[in-house]
2 protein chains.
Amino acid sequence: MPGGATPTETLGDVGEFGLIQRIRRLFPGTEPTVVHGIGDDVAVVRTDSDHLLLVTCDCQIEGVHFLRHALNFWDLGWRAASVNLSDLAAMGGEPLWAVVSLMAPAELPVKAVEDLYRGMADALRPWQATVVGGNTARHPDRLVVDVTLLGRARPDGIVTRDGARPGDVIVVTGTLGGARAGLEWARGRVAGDAPEVRKQAMARYRTPRARVAEGKALAATGRVRAMLDVSDGLLGDLRHLCQASGVGALVEAACIPVDPCCRQTALSVGADPLEWALRGGEDYELLFSVDRQGGVGQVMEALGAVSDVAFAVIGWIVPREAGIQVVFPDGTRRSLTAEGGWDHFGSRPDK
Amino acid sequence: MPGGATPTETLGDVGEFGLIQRIRRLFPGTEPTVVHGIGDDVAVVRTDSDHLLLVTCDCQIEGVHFLRHALNFWDLGWRAASVNLSDLAAMGGEPLWAVVSLMAPAELPVKAVEDLYRGMADALRPWQATVVGGNTARHPDRLVVDVTLLGRARPDGIVTRDGARPGDVIVVTGTLGGARAGLEWARGRVAGDAPEVRKQAMARYRTPRARVAEGKALAATGRVRAMLDVSDGLLGDLRHLCQASGVGALVEAACIPVDPCCRQTALSVGADPLEWALRGGEDYELLFSVDRQGGVGQVMEALGAVSDVAFAVIGWIVPREAGIQVVFPDGTRRSLTAEGGWDHFGSRPDK
């Protein structure tokens, strides 16, 4: 590629400042809010007083959050940006600026790092967000990408995770379990030939789409009481929402929007698609609770106005004492234990 | 300590959310600008329209930036915050909020992490800055602390590294080489008994003081043309300033403020104190250039009004073609090579 790295050039060859020059070329810095972008130790940007500033950070550690053979570097950059976009989206924020801390072995090719930053740039671009600065450091044996994303929201356009109240309905966008299915394909655990299923599942895992427009529209309704993104798995994140809000939840398993590629992949390896959808993680959909008194229709209209994403009402917020319970299609009801497993002898408040 | 961790409890024992609760206790969140602090995925803060927003990040990687036996965890927290405070100071910024990405092995004691965050809190507190959020993740085998620091400056109170012009004088605050001496002591390389020297040197290495008040006062004069902090060593950072500004520099070695503990430690191990002062790094002093026409007195007065730190005029900015040259006390003049070594046959424009 013209101006890019040669295939054999490593970070050790170009050094820290050579690398920064390469990265700088990828971010021409045309955003009017950016006063000083990449190149100094400090980035300078212009905020406005109508908005609050939102700050989030999330890292991708090789061997923990990703395996190099399961992702290419562009994918890794896309993911590193998207997990942060998703956190911001779940609060109703608009992304603006990212600073990136790159920690990498000296033998990593420069081309890999350029691809990584291109992936970040591509994930940020739809929102006119961009990388404005950061830091590069040598890591002896592992690639780590730590992104801090800054964004903004109007003071009345922010939703946190702690506002759910008994009686709220619980809604989730999109479908679940697709990223988990993609991970199985990426790890080579799925035998058989189903190229379309493989392609869809891999896309869910490698290039998740953060629900930025949806999160902002939902928050702006004023009817969403608590929201977060599904990164740890539906049940894990529902538990975070319930703990922060001091409530419990009742989930109808039959209403869980299991991704078609999750269903097909799970069945082909003898796994339970519903279990993947409930616990798989990394789907980066939005999970939120809505005031049942008049709020649901308004919220759904607002969502439909900005997005064609599907959504599902999957249950209700209940008092804290009931814990988190799932009603399965066969009528059995199970409680989530503190460790995240099932308590088959869980409390049955309605019996 | 009441409310703190027991000595044996590890991160694996308390889990991510248990750990976040512990960290949250250390930051009561009384700063009026903090709308939502630690506990959600996203922190929310209030900016004002009179100021620009400054963003910087810098990480501490075990085995690269620190060795566990050479620092305690409080020191590590202090350093992780201070290296960022120093970057912000060098631009004239006021620190406000930090987000911290902690990557740590599961077997790390919770008490160590609490000490680390206490060190950060103590380094930030003099500026009413605080940790407002972040992320924790498992790192398989290494402790990594990545801090993103946000701050502010008035649009006319920002100094970058690229404004130096031939004729400017070059000034450095404080003394140099002390951190390098402390590193030698920390690594057990210094024999002999000099407890006061050891103590001073170790303090320079373990608990550097970022020149925040000084940086802001210097930037506010409007007479400082380029500034950065001495993190990579005087010559390394002078080169960054010269490259960014498109200029060269002439340094009088006799004017370099060699730290007394550097001098004594270096002599005791048979090293050259001047070499440590020129290349040692991690002193976190400010290096800046000042318009010689009437600016110097005003800048020095501004510095003296906020700080009793010493400063030294160490040389002059010259045209780019001259490169970076050092005149040694014996009259020899050496040029810095592109690799950072000495070219004994360097250009001699005045001969």
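- By the naming in an unreviewed UniProt entry, chain A is Thiamine-monophosphate kinase, taken from Desulfacinum hydrothermale DSM 13146.
- For chain A, the Pathway (unreviewed entry) comment in UniProt is given as "Cofactor biosynthesis; thiamine diphosphate biosynthesis; thiamine diphosphate from thiamine phosphate: step 1/1."

**Overview of the overall build of chain A**
Step number 1: A tally of helices and strands in chain A yields ten helices and 14 strands.
Step number 2: The C-alpha radius of gyration of chain A comes to 21 Å, within 12% of the 20 Å expected for a compact globule of 351 residues.
Step number 3: Once the C-alpha set of chain A is aligned to its principal axes, its extents read approximately 70 × 55 × 35 Å.
Step number 4: Across the 351 residues of chain A, 59% fall into the buried class.
Step number 5: Considering only residue pairs separated by 6 or more positions, chain A has 82% of its internal contacts joining residues 24 or more positions apart.
Step number 6: Surface accessibility of chain A: about 13700 Å² in total, with carbon and sulfur atoms responsible for 50%.
Step number 7: Distance between charge centres in chain A, computed from 36 positive and 44 negative side chains, equals 2 Å.

**Side note on the relation of the copies chain A and chain B**
Step number 1: Once chain A has been moved 0.0 Å along the axis and rotated by 180°, it coincides with chain B to within an RMSD of 0.0 Å. What the rotation and shift describe, once combined, is the action of a two-fold rotation axis. No C-alpha of chain A lies nearer the rotation axis than that of S49(A), which sits 2.5 Å from it.
Step number 2: Interface overlap between copies: 100% of the residues of chain A at the interface are likewise at the interface in chain B, consistent with a symmetric, same-surface contact.

**Section: the packing of helix α4 (residues 178–186) of chain A against helix α5 (residues 195–206) of chain A**
Residue and element names in this part refer to chain A.
Step number 1: The geometry of α4 relative to α5 is characterised by a closest axis approach of 7 Å and an angle of 110° between their N-to-C directions. By the angle between their axes, α4 is roughly perpendicular relative to α5. The element α4 and its partner α5 pack so that their crossing is left-handed. Contact residues: G178, A179, A181, G182, L183, W185 and A186 in α4; V197, R198, A201, M202, R204 and Y205 in α5.
Step number 2: Here the residues of the contact of α4 with α5 sort into nine nonpolar, two polar and two charged.

**A few points about the environment of R223(A)**
Residues and elements named next belong to chain A.
Step number 1: The residue R223 is located in the loop between α6 (212–220) and β8 (224–229) in this model.
Step number 2: C-alpha separation for the pair R223 and G297, spaced 74 residues apart in sequence, amounts to 10.0 Å.
Step number 3: Dropping the residues within four chain positions of it, R223 is found in contact with S289, V290, D291, Q293, G295, Q298 and V299.
Step number 4: Separated by 3.2 Å, the side chains of R223 and Q298 make a polar contact.

**Digging into the environment of R209(A)**
Step number 1: Position of R209(A) relative to the elements: it lies in the loop between α5 and α6.
Step number 2: When sequence neighbours within four positions are dropped, the list of residues in contact with R209(A) reads W78(A) and Y284(A).

**Observations concerning unusual backbone geometry**
Leaving glycine aside, a negative phi is the common case for residues, and trans is the common case for peptide bonds.
Step number 1: Of note, E282(A) is a non-glycine position whose phi angle comes to about 65°, a positive value.
Step number 2: Within the element layout of this structure, E282(A) appears in the loop between α9 (273–279) and β10 (286–290).

**Quick look at the interface of chain A and chain B**
Step number 1: Every contact between the two is made by 52 residues of chain A and, on the other side, 52 residues of chain B.
Step number 2: When the two sides are added together, the surface that chain A and chain B hide from each other amounts to roughly 4300 Å², 60% of it contributed by carbon and sulfur.
Step number 3: Linking chain A with chain B are six salt bridges.
Step number 4: Residue R161(A) pairs with D40(B) through a salt bridge whose shortest N-O separation is 3.2 Å.
Step number 5: Viewed at the interface, chain B and chain A are joined by 19 residue pairs in polar contact (both at pLDDT 80 or more).
Step number 6: Broken down by secondary-structure element, the contributors of at least two residues to the side of chain A that touches chain B are β1 (34–36), β2 (43–45), β3 (52–61), α2 (73–89), β4 (94–104), β5 (130–138) and β6 (144–153) of chain A.
Step number 7: Take the side of chain A that touches chain B: its biggest share by element is nine residues, from β3(A).

**Some words on the nonpolar core**
The tendency in soluble globular proteins is for nonpolar side chains to be buried side by side.
Step number 1: Grouped together as the largest cluster of nonpolar side chains are 90 residues, with contacts concentrated most on L54(B), L102(B), L116(B), Y117(B), L143(B), I256(B) and L287(B).
Step number 2: Here this core gets nine residues from one element, more than from any other, and that element is helix α3 (residues 110–124) of chain B.
Step number 3: Shared between two domains, this core holds at least three residues of each, these being domain 1 (11–153) and domain 2 (169–342) of chain B.
Step number 4: Core analysis: the second largest hydrophobic core is formed by 89 residues, L71(A), I158(A), C262(A) and W342(A) among them.

**Observations concerning the pairing of strand β11 (residues 311–319) of chain A**
Step number 1: Across five bridges, strand β7 (residues 169–173) of chain A lies against β11(A) in antiparallel orientation. For I170(A), the partnering residue across the bridge sits in β11(A) and is G315(A).

**With respect to the sheet that holds strand β10 (residues 286–290) of chain B**
Residues and elements named next belong to chain B.
Step number 1: Read across the open sheet, the eight strands follow the order β8-β10-β7-β11-β9-β12-β13-β14; overall the sheet is mixed. Each edge of the open sheet is held by one strand with a lone partner, namely β8 (224–229) and β14 (342–343).
Step number 2: When strand β12 (residues 324–327) meets strand β13 (residues 333–336), the two strands line up antiparallel, connected through three bridges. By the bridge assignment, V326 is partnered in β13 with R334.
Step number 3: Contacts from helix α10 (residues 295–306) reach β7 (169–173), β8, β10 and β11 (311–319), with the element oriented near 150° to β10.

**Points about the packing of aromatic side chains**
Residues and elements named next belong to chain B.
Step number 1: Inspection of the entire model under this criterion finds four aromatic pairs over all chains.
Step number 2: Ring centres of F27 and Y117 lie 6.3 Å apart, and the angle between their planes is 75°; this geometry places the pair in the edge-to-face category. Pair noted here: F27 is in the loop between α1 (11–26) and β1 (34–36) and Y117 is in helix α3, with a separation of 90 residues, a long-range link. The pair F27 / Y117 is uniform in exposure class, with both members buried.
Step number 3: With 5.3 Å between their ring centres and 25° between their planes, W74 and W78 make a pair best called stacked. Placement of both W74 and W78 in helix α2 (residues 73–89) is noted, with a separation of four residues, approximately one turn of the helix.
Step number 4: Since its relative accessible area comes to 28%, W74 is described here as partly exposed.

Parameters at a glance
- Residues numbered from 1 in each chain as written.
- Chains lettered and ligands numbered in written order.
- Predicted model: local features only at pLDDT ≥ 70, side-chain atom pairs only at ≥ 80, totals over all residues.
- Heavy atoms only, no water.
- UniProt positions renumbered as here; feature names shortened; annotations may be inferred.
- Helix = DSSP H or I, 4+ residues; strand = E, 2+ residues; numbered from the N terminus.
- Rg over C-alpha atoms; globule rule 2.2 N^0.38 Å.
- Buried < 20%, exposed > 50% of the residue type's maximum accessible area, 1.4 Å probe, protein only.
- Contact = heavy atoms within 4.5 Å.
- Areas by Shrake-Rupley, 256 points an atom, 1.4 Å probe, with all protein chains shown as cover.
- Lys, Arg positive; Asp, Glu negative; His and termini not counted.
- Charge placed at Lys NZ, Arg CZ, Asp CG, Glu CD.
- Least-squares fit on C-alpha atoms with pLDDT ≥ 70 in both.
- Axes fitted to C-alpha atoms, helices over the stretch in contact; angles between N-to-C directions.
- Parallel < 35°, antiparallel > 145°, perpendicular 65-115°, else oblique.
- Left-handed = near helix turned anticlockwise from the far one by under 90°.
- Nonpolar A, V, L, I, M, F, W, Y, C, P; charged D, E, K, R; others polar.
- Polar contact = N/O pair within 3.5 Å; in protein donor to acceptor, adjacent residues only side chain to side chain.
- Buried area = accessible area lost by both parts, 1.4 Å probe.
- Salt bridge = Lys/Arg side-chain N within 4 Å of Asp/Glu carboxyl O.
- Core = buried A, V, L, I, M, F, W, Y, C linked by side-chain atoms within 4.5 Å.
- Domains from an automatic or database assignment.
- Pairing = 2+ DSSP bridges.
- Phe/Tyr/Trp six-rings, centres within 6.5 Å; stacked < 30°, edge-to-face > 60°.

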